[in-house]
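Residues per chain, in single letters:
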Amino acid sequence: MNDSKCAISLREVNRTFDDFVAVRDLSLNIADGEFFSLIGPSGCGKTTTLRMLAGLDSPTSGSIEVHGKDMVGVPPYRRPINTVFQNYALFPHLTVGENVAFGLRERKTERREMARRVGEILELVHLPGKEKRRPRELSGGQQQRVALARALVLKPEVLLLDEPLGALDLKLRRSMQGLMKEIQREVGITFVYVTHDQEEAFSMSSRIGIMNRGILEQVDTPQAVYRRPASAFVADFVGASNHVTVEVLSVAGTRYRVAAPTIGTVDCDGVDGIASGSTAAMVVRPELISIVDSGTGASLSGTIRDVSYNGPTVDYLVETGLGTFAIKTDGQRLASIDSSVGITWPASACWLVPMPSELSANETSEEATSA
Ligand code: ATP
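Definitions and limits used
- Residues numbered from 1 in each chain as written.
- Predicted model: local features only at pLDDT ≥ 70, side-chain atom pairs only at ≥ 80, totals over all residues.
- Heavy atoms only, no water.
- Core = buried A, V, L, I, M, F, W, Y, C linked by side-chain atoms within 4.5 Å.
- Buried < 20%, exposed > 50% of the residue type's maximum accessible area, 1.4 Å probe, protein only.
- Helix = DSSP H or I, 4+ residues; strand = E, 2+ residues; numbered from the N terminus.
- Contact = heavy atoms within 4.5 Å.
- Near = heavy atom within 4 Å.
- Polar contact = N/O pair within 3.5 Å; in protein donor to acceptor, adjacent residues only side chain to side chain.
- Areas by Shrake-Rupley, 256 points an atom, 1.4 Å probe, with all protein chains shown as cover.
- Salt bridge = Lys/Arg side-chain N within 4 Å of Asp/Glu carboxyl O.
- Axes fitted to C-alpha atoms, helices over the stretch in contact; angles between N-to-C directions.
- Parallel < 35°, antiparallel > 145°, perpendicular 65-115°, else oblique.
- Left-handed = near helix turned anticlockwise from the far one by under 90°.
- Nonpolar A, V, L, I, M, F, W, Y, C, P; charged D, E, K, R; others polar.
- Domains from an automatic or database assignment.
- Pairing = 2+ DSSP bridges.

Student: Explain the nonpolar core to me, please; I cannot follow it from the model alone.
Tutor: One recurring pattern in soluble globular proteins is that nonpolar side chains are buried together. Within the largest apolar cluster, 36 residues are counted, with the highest numbers of intra-cluster contacts made by Met282, Tyr316, Ile343, Trp345 and Leu352. Here this core takes five residues from strand E14 (residues 279–284), the largest share from any one element. With near-sequence residues (within four places) excluded, Met282 lies in contact with Asn242, His243, Val244, Val246, Val258, Val266, Trp345, Cys350, Trp351 and Leu352. In this structure, Leu90, Ile121, Val153 and Phe191 belong to the second largest nonpolar core, which totals 35 residues.

In structure tokens form, the structure reads like this:
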């Protein structure tokens, strides 16, 4: 990434709390104007990373730059960054207009300019004319939009958002995602968004970083993360996946020939650097598997153990000699529980990842800390 296009640059950032490594060797560039999301399970280090960007916490080692300026040691209020948290933290005694104008007032912005900017930004977050309301007179979604307006009105170079929709119900959350995306496109400010919700991150972001136990395992577009996960962990975190343990017979770049028990030899693509002769995990997404009549040249035979009807799709769990497979079908072909079926998928549906290690270094340290 060209330096002038780089809004945020983290280099080998570590954050330890006593012996526990919350963030390990994290290096990442985020482009100017990008909608970037950090996702991962609870405790993986997302908030710690965001807090270091905001200046609310400091790295134990490593560097953080915003538009080429070193941020380590710079207090939060001197950084060109604003943060929107899950709890909106609006001032209850101030009106919406006063809440949004708060930062502008601190900066001694001229009255008319202040009124103009507050009006404009409330328009942007779809709350025109709500200046005189108090926060308690607004719904949760409206309050979060005020919090967003309050942060955006100061025109930060970077906006950090820590689970901003976490307190909203699912329907409101989904409609706010659309608005969030629209606002980001409109203002062009770099957004760094933290969420547990993989679907939320996928629907809004240009790129996603997936963290696991303090380590940034993959950074890529939503499509690439889904189709070409860097690890078994990423494959599982970003949607359901089925894994078959295979032996790698030969390697040509990122093209592999593998031997899968019962299935036989498969040629498939995968993550770079898996060695010939090693054991690896072949990942197959549920929607790429078909259910066929048993004994018709299927990849595997099995028994249907569960069926869930979800409107446009039907999900199955099929027990096979290689474990239970999750399968998502278009619902055209129905099969009932306990029936014997075949399951099959094309070689192009397979993606090879390294075998997950039993214990990462960090898990060892977390367990040691909590023991
Ligand atoms: P969540 O999604 O639940 O908010 P997260 O991915 O944001 O989780 P962090 O809050 O960054 O996770 O925490 C990462 C790890 O660091 C956790 O195990 C947490 O307990 C630990 N941690 C965070 N802050 C501190 C602290 N001040 N002292 C000790 N440990 C901490």
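Now that the structure has been shown, we can carry on.
Student: How should helix H1 (residues 46–54) be read in this particular structure?
Tutor: Owing to its 3.6 residues per turn, the α-helix aligns residues three or four sequence positions apart on the same side. The buried fraction of H1 amounts to seven of the nine residues, a majority that puts the element mostly inside the structure. For H1, the set of buried residues is Lys46, Thr48, Thr49, Leu50, Met52, Leu53 and Ala54. Positive phi shows up at Gly55, right after H1, with a value of about 90°.

Student: Please clarify how the site of the ligand should be interpreted in this entry.
Tutor: Every one of the 13 residues lining the ligand counts as a neighbour, but Ser42, Gly43, Lys46, Thr47 and Thr48 are closest to it. Lys46 is positioned with one of its side-chain polar atoms (N or O) 2.8 Å from an oxygen atom of the ligand. Contact between the ligand and His196: an oxygen atom at 3.1 Å from a side-chain N or O atom of the residue. Protein chains bury 60% of the 640 Å² of accessible surface belonging to the ligand in isolation.

Student: How should the pattern of salt bridges be read in this particular structure?
Tutor: If the charged atoms of two oppositely charged side chains come close together, the side chains can form a pair. For the coordinates displayed, the defined rule picks out 14 salt bridges. For Arg255, the salt bridge is made with Asp269, and the minimal N-O distance between the two is 3.2 Å. Of this pair, Arg255 sits in strand E12 (residues 255–260) while Asp269 sits in strand E13 (residues 264–270), and the two are 14 residues apart along the sequence. On the basis of relative accessibility, which here comes to 40%, the residue Arg255 falls in the partly exposed class. Here the salt bridges share partners, and the residues they tie into one network are Arg173, Arg174, Asp197, Glu199 and Glu200.

Student: How do you make sense of the packing of helix H4 (residues 140–152) against helix H5 (residues 170–187) when you look at a structure like this?
Tutor: The description of two packed helices rests on the angle between their axes and on the distance between the axes. Following both chains from N to C, one finds H4 and H5 inclined at 20°, their axes separated by 11 Å at the closest point. Considering the angle they form, H4 stands roughly parallel to H5. Between H4 and H5 lies a crossing of right-handed hand. Side by side, H4 and H5 meet where Gly141, Gln144, Arg145, Leu148 and Leu152 of the first sit next to Leu172, Met176, Leu179, Met180, Ile183 and Val187 of the second. Taken together, the residues of the contact of H4 with H5 sort by class into eight nonpolar, two polar and one charged.

Student: Just to check I follow, could you spell out the domain arrangement of the chain for this structure?
Tutor: How big an interface is tends to be expressed through the accessible area that disappears when the partners come together. In terms of domain boundaries, the chain breaks down into domain 1 (3–227) and domain 2 (240–354). Taking only C-alpha atoms, the centre of domain 1 and the centre of domain 2 are 39 Å apart.

Student: Teacher, can you tell me more about the sheet that holds strand E3 (residues 35–39) here?
Tutor: Pairing between the strands of a sheet is mediated by backbone hydrogen bonds and can be parallel or antiparallel. Strand order in the open sheet made by the six strands is E6-E7-E8-E3-E9-E10, with mixed pairing throughout. Two strands in the sheet have a free side with no partner beyond their single neighbour: strand E6 (81–84) and strand E10 (215–220). Each neighbouring strand pair of the sheet contributes to a mean axis angle of 20°, computed without reference to strand direction. Two strands pair when backbone bridges link them, and strand E7 (residues 158–162) and strand E8 (residues 190–195) are joined in this way by five bridges, in the parallel orientation. Note on E8: the bridge partner recorded for Leu161 is Tyr193. Its contacts with the sheet put H1 on E3, E6, E7, E8 and strand E9 (207–212), and the angle it makes with E7 is roughly 150°. The strands that H4 touches are E6, E7 and E8; relative to E6, the one it contacts most, it runs at about 175°.

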